[in-house]
Amino acid sequence: MKKSSFVALIMGTVSGVLFALGMCMALLPEWNAFKEGIIFGVAGLILGVITFLVWCKMENKKLPKMNGKNILRTIYGIVAALVLGVGMCMCLVWQQIVGGTLVGLLGIIMLIALIPMIKGIK
């Protein structure tokens, strides 16, 4: 494993855990920690951006261009992740197992479709 990949793995894991913990703190009323959750969530997001910048610097890669194609891919990825999340909520919160499973599978298929959208098919 390259040093840059290891650093990105560690930093990405820490940022993901901070973000997830922050969202749990903010969205679960039983925890009574909304403000602290927002702080943790934002800290996780900021660390995620820093992780990406550090990885680009260590790999000597340029930052992605801000063009319409990349913006649409990003929006598509966000929508796909939200579809997967709605499917999970349907199963776990609303006890709609069959519908939630189908919506979750649609979200997974949408996320998998990101690979050929970004890398292309050769």
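Here, every reference points to the structure presented above.
Residues numbered from 1 in each chain as written. Predicted model: local features only at pLDDT ≥ 70, side-chain atom pairs only at ≥ 80, totals over all residues. Heavy atoms only, no water.

Student: I'd like to hear about helix 1 (residues 3-27), residue by residue, with values.
Tutor: Helix length check: helix 1 (25 residues) gives 36 Å between terminal C-alpha atoms against 36 Å at 1.5 Å per residue, within 8%. Along helix 1, the positions that sit buried rather than exposed are S4, A8, M11, S15, G22, M25 and A26. The inward-facing, buried residues of helix 1 contact helix 2 (34-59). (Helix = DSSP H or I, 4+ residues; strand = E, 2+ residues; numbered from the N terminus. Expected span 1.5 Å × (residues − 1). Buried < 20%, exposed > 50% of the residue type's maximum accessible area, 1.4 Å probe, protein only. Contact = heavy atoms within 4.5 Å.)

Student: Residues and numbers for the packing of helix 3 (residues 68-92) against helix 4 (residues 97-112), please.
Tutor: Direction vectors running N to C along helix 3 and helix 4 enclose 160°, while the axes themselves pass 7 Å from each other. Our classification of the angle between helix 3 and helix 4 gives roughly antiparallel. Relative to helix 4, helix 3 is oriented so that their crossing is left-handed. On helix 4, the residues touching Y76, G77, V79, A80, A81, V83, L84, V86, G87, M90 and C91 of helix 3 are I97, G99, G100, T101, V103, G104, L106, G107, I108, M110 and L111. Residues of the contact of helix 3 with helix 4, tallied by class, amount to 15 nonpolar, 7 polar and no charged. (Axes fitted to C-alpha atoms, helices over the stretch in contact; angles between N-to-C directions. Parallel < 35°, antiparallel > 145°, perpendicular 65-115°, else oblique. Left-handed = near helix turned anticlockwise from the far one by under 90°. Nonpolar A, V, L, I, M, F, W, Y, C, P; charged D, E, K, R; others polar.)

Student: Any details on the pattern of salt bridges? Residues and values, ideally.
Tutor: One pass over the structure, following the stated rule, counts 1 salt bridge. The salt bridge involving K2 is made with E59; its shortest N-O contact spans 3.1 Å. Taken as a pair, K2 in the segment before helix 1 and E59 in helix 2 lie far apart in primary sequence, 57 residues in all. On the accessibility criterion, E59 (19% relative accessible area) is buried. (Salt bridge = Lys/Arg side-chain N within 4 Å of Asp/Glu carboxyl O.)

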